[in-house]
Amino acid sequence: LGGQLPSHLPIFFLILPFLVGGQKIVISVVIPVFNDVSYEVIGEMAGQTLLFRDRTSYFEVQGFNRQLDLSWEKKLELDKRTPKILGTTASKFDFTLFYYFRHKGRLKLKAHKYDPAANLRDSITIKTLPTFSFTPSFEIIQSQDKSKVLIYYLEKQEEFQLMCFDVDSMELMWEKSLAPEDYYREQNFGQILISNNGQLFFIFNKNNFISRKKEHFYQIYHYDGTEKGMEIMDVSMKGNLTYDSWFSVDDLNGHLVAGGLYSEKNREKSVGYFYLNIDPKAPEDHQLYFEKFDLEFVANFMDRKPKKNLGITEAELKESVIRRDGGILLFAERV
């Protein structure tokens, strides 16, 4: 659980360890968060489940034992200039808090590293940004192993400013600006991904509508953190439209993979699923496959016998799991 709290809600923890012969369920007491700005479950560390809370006037970490009883709580000392929290990332041995604040008209991005008892172990100013007439809307993305963090914001609604931070070494790996052509967020924005070794993949969804003149394709910006610069890969969807998609980094094989639901002429329904696998070193040799749904699958998913126009509606991709051989498992839900 984690996120902003627009309404007054209590939260509770639920742990489901799988045991031989059954399951054991452990539930915490209700944790009131009525007045919190936000909260984030950091994870389990040294036998404790850690919870970070922005308590409006101060910041706090709470530790819960294996029975999910509150064991301890500790206030965090940050800069005394109304810091704003970006988020946390955790390893087995420590966790890192990212935040920013304004000082003398300039914005400072900082990172604090803590041990499992919430004792400060390291601190660094990631970047001091120039004076803004407004406060940028920062976003933070983690790599799969949580060793890299990408912090970015959109400047003047046209140029992305990107920073890749190495959590283990507490160093800024690289910075990059990206101003894509003909960018319209509502129509084009897809996903931003960062790999375990700090490579960037920025995916744009282009021309995803019925048109005889323009074919639907994905435009992918790739940056490996070197002086080689940004590379652009265009992947045609071979006349099909995307109903929903999910991109992931295959860190084991060093590829970008995607799966999704596709449409033919009507984006209100999906007629099948697709699989895409791209090697950034040879993007022209990418693999792209389409498979139509069979009658039994459509009937089971829609919970009724399909009509003449075979397809599914009200579907949404929830997650993608990468197999060791580069394949994927797609999880879709009817919503």
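Refer to the structure above for everything that follows.
Cut-off values and rules
- Residues numbered from 1 in each chain as written.
- Predicted model: local features only at pLDDT ≥ 70, side-chain atom pairs only at ≥ 80, totals over all residues.
- Heavy atoms only, no water.
- Pairing = 2+ DSSP bridges.
- Helix = DSSP H or I, 4+ residues; strand = E, 2+ residues; numbered from the N terminus.
- Axes fitted to C-alpha atoms, helices over the stretch in contact; angles between N-to-C directions.
- Polar contact = N/O pair within 3.5 Å; in protein donor to acceptor, adjacent residues only side chain to side chain.
- Contact = heavy atoms within 4.5 Å.

Further remarks concern the sheet that holds strand 16 (residues 139–142). Whenever strands of a sheet pair, they do so through backbone hydrogen bonds, lying parallel or antiparallel. A sheet is described by the order of its strands in space; here four strands give the open sequence 16-17-18-19, paired in antiparallel fashion. Looking at strand neighbours, the two that pair on one side only are strand 16 and strand 19 (171–178), the edges of this open sheet. If you compare each strand with its neighbour and ignore which way they point, the axes differ by 20 degrees on average. In the sheet, strand 16 pairs with strand 17 (residues 148–155) via four bridges, with the strands oriented antiparallel. Note that in strand 17 the partner of Gln142 across the bridge is Val149.

Right, let's talk about the side chain of Gln48 for a bit. Residue position: Gln48 is located in strand 9 (residues 48–54). In this structure the side chain of Gln48 is engaged in a polar contact, spanning 3.4 Å, whose partner is the backbone nitrogen of Phe64. Look past the residues within four positions of Gln48 in its chain and what remains in contact with it is Gly43, Gly63, Phe64, Asn65, Ser71 and Trp72.

This brings us to the sheet that holds strand 12 (residues 84–90). Pairing is antiparallel in the open sheet, where four strands are placed in the order 12-13-14-15. Of all the strands in the sheet, the pair left with one neighbour each is strand 12 and strand 15 (120–129). Along the sheet, successive strands turn relative to each other by an average axial angle of 20 degrees, direction set aside. Here nine bridges tie strand 13 (residues 95–103) to strand 14 (residues 106–114), and the two strands are oriented antiparallel to one another. Looking at the pairing, Thr96 lines up with Lys113 of strand 14.

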